[in-house]
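Spelled out, the chains give:
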Amino acid sequence: GAGVSQSPSNKVTEKGKDVELRCDPISGHTALYWYRQSLGQGLEFLIYFQGNSAPDKSGLPSDRFSAERTGGSVSTLTIQRTQQEDSAVYLCASSLPDSETQYFGPGTRLLVL
Amino acid sequence: SQQGEEDPQALSIQEGENATMNCSYKTSINNLQWYRQNSGRGLVHLILIRSNEREKHSGRLRVTLDTSKKSSSLLITASRAADTASYFCATDLFSSGNTPLVFGKGTRLSVIA
């Protein structure tokens, strides 16, 4: 079956602009996670959705970052007023209820000029 | 801060040799997972070992866990050029259910044909 998909694959933007990154999880996966991978920082947890519960935003680095998940499926990560340090690969993952295994999408490579 | 720390950071071996990567973590865990990443894109789950297990095998992979030392190792036997990738250990951020993962910075493995 289809895996986790993310769009766009690559995004180049100018400093100060807003960007939206999209994630389509695997059907039936109730948990959805956003991570960021940047050089020298490894993979960092950003935000986590579980079913219809309020998301856990404890990993978001600033209030410029937000995410929503519509209908318990597709999720959008929004970065407002982008900064050069936001340049990274943004990875989305999903998992079945009560499963520790996460399935990752191919990521969106964001470059802020 | 990162929960897991892998070593070595980079490893280069000849095809057919075994590759061993180590991971250390800081707090108590329910389980530990290993993931693989090709070319800085999506991660693929390899194996999960629970805190009450000491060793687990999957094909050419062997994982050990020493909770007293808070460490794990991943052994890839009879390596192939296709095993060239980055390998990450990951532990639970929360103690139960679906949970975001905390990743180490990874070991970059190069298998030379």
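Attention shifts here to the nonpolar core. In summary, soluble globular proteins display a tendency toward joint burial of nonpolar side chains. Met21(B), Leu32(B), Trp34(B), Leu74(B), Ile76(B), Tyr87(B) and Leu109(B) are the most contacted members of the largest nonpolar core, which totals 21 residues. Among the secondary structure elements, those contributing two or more residues to this core are strand E2 (10-14), strand E3 (19-24), strand E4 (31-37), strand E5 (43-50), strand E7 (61-66), strand E8 (71-76), strand E9 (85-92) and strand E11 (107-112) of chain B. Among residues more than four places away in sequence, those in contact with Leu109(B) are Leu11(B), Ile13(B), Ala19(B), Met21(B), Ile76(B), Asp83(B), Thr84(B), Ala85(B) and Tyr87(B). Within the second largest apolar cluster, 20 residues are counted, among which are Leu21(A), Leu60(A), Ile79(A) and Val112(A).

All names here are of chain B. What the rule picks out here adds up to eight salt bridges over all chains. In this structure, Asp 83 engages Arg 36 in a salt bridge whose closest nitrogen and oxygen atoms are separated by 4.0 Å. Taken together, the positions of Asp 83 in the loop between E8 and E9 and Arg 36 in strand E4 put the pair 47 residues apart, joining distant regions of the chain. On the basis of relative accessible area, Arg 36 is assigned to the buried category, the value being 17%. One salt-bridge network, held together by shared partners, links Arg 36, Arg 60 and Asp 83.

This part covers unusual backbone geometry. With an omega of -10 degrees, the peptide bond between Ser7(A) and Pro8(A) qualifies as cis. Of note, the bond from Asp7(B) into Pro8(B) is cis; its omega dihedral lies within 30 degrees of zero at 0 degrees. Examined against the element boundaries, Pro8(B) turns out to sit in the loop between strand E1 (5-7) and E2. For Lys70(B), which is not glycine, the phi dihedral falls at a positive 50 degrees. Tracing the chain through its elements places Lys70(B) in the loop between E7 and E8. Judged by its relative accessible area of 30%, Lys70(B) is partly exposed. Its identity as a non-glycine residue notwithstanding, Ala78(B) has a phi of 45 degrees, on the positive side. By the secondary structure assignment, Ala78(B) is in the loop between E8 and E9.

Turning our attention to the interface of chain B and chain A. On the side of chain A, 30 residues touch chain B, which itself brings 23 residues to the contact. At the boundary of chain B with chain A, total buried surface from both sides reaches about 1900 Å², with 48% on carbon and sulfur atoms. In terms of surface lost to chain A, no three residues of chain B exceed Arg41(B), Leu43(B) and Asn98(B), which account for 34% of the buried area on that side. Across the contact surface, chain B and chain A share one salt bridge. The partner of Glu100(A) in a salt bridge is Arg50(B), and the shortest N-O contact between them spans 2.9 Å. Remark: the boundary between chain B and chain A carries six residue pairs in polar contact (both at pLDDT 80 or more). Contributing elements (two or more residues each) for the side of chain B that touches chain A: E4, E5 and strand E10 (101-103) of chain B.

Attention now goes to the pairing of E9(B). Residue and element names in this part refer to chain B. Across the eight residues of E9, eight count as buried, placing the element largely inside the fold. Note that E4 and E9 share six bridges and pair antiparallel. In the sheet register, Trp 34 faces E9, and the bridge partner there is Cys 89. In the sheet, E9 pairs with E11 via three bridges, with the strands oriented antiparallel. Its bridge partner being in E11, Ser 86 is matched across the sheet by Arg 108. Bridge count for E9 against E10 is three bridges, and the pairing is antiparallel.

Criteria and cut-off values
Every chain is numbered on its own, with residues counted from 1 as its sequence reads. In the order they appear in the text, chains get letters beginning with A and ligands get numbers beginning with 1. Given that the model is predicted, a residue must reach a pLDDT of at least 70 before its local features are reported, and side-chain atom pairs must reach 80 or more before they are shown or counted; all residues, however, enter totals for whole chains, interfaces and linings. Only heavy atoms go into the side-chain values, all of them from the structure, while hydrogens and water stay out. Remark: nonpolar core denotes a set of buried residues (Ala, Val, Leu, Ile, Met, Phe, Trp, Tyr, Cys) joined through side-chain atoms within 4.5 Å. Only protein chains enter the accessibility calculation, which uses a 1.4 Å probe; a residue is then buried when its area is under 20% of its type maximum, exposed when over 50%, and partly exposed in between. What counts as a helix is a DSSP run of H or I of at least four residues, what counts as a strand is a run of E of at least two, and both are numbered from the N terminus. What makes two residues a contact is simply this: any of their non-hydrogen atoms within 4.5 Å. We define a salt bridge as a side-chain nitrogen of Lys or Arg found within 4 Å of a carboxyl oxygen belonging to Asp or Glu. By convention, the term buried area covers the 1.4 Å-probe accessible surface removed from two parts as they join, with the contributions of both added. Residues adjacent in sequence count toward polar contacts only when both atoms are side-chain atoms; beyond that, a polar contact is any pair of N or O atoms within 3.5 Å, and within protein one must be able to donate a hydrogen and the other to accept it. In this analysis, strands are considered paired if DSSP registers two or more bridges between them.

Everything listed is a geometric property; what it means functionally is a separate question.
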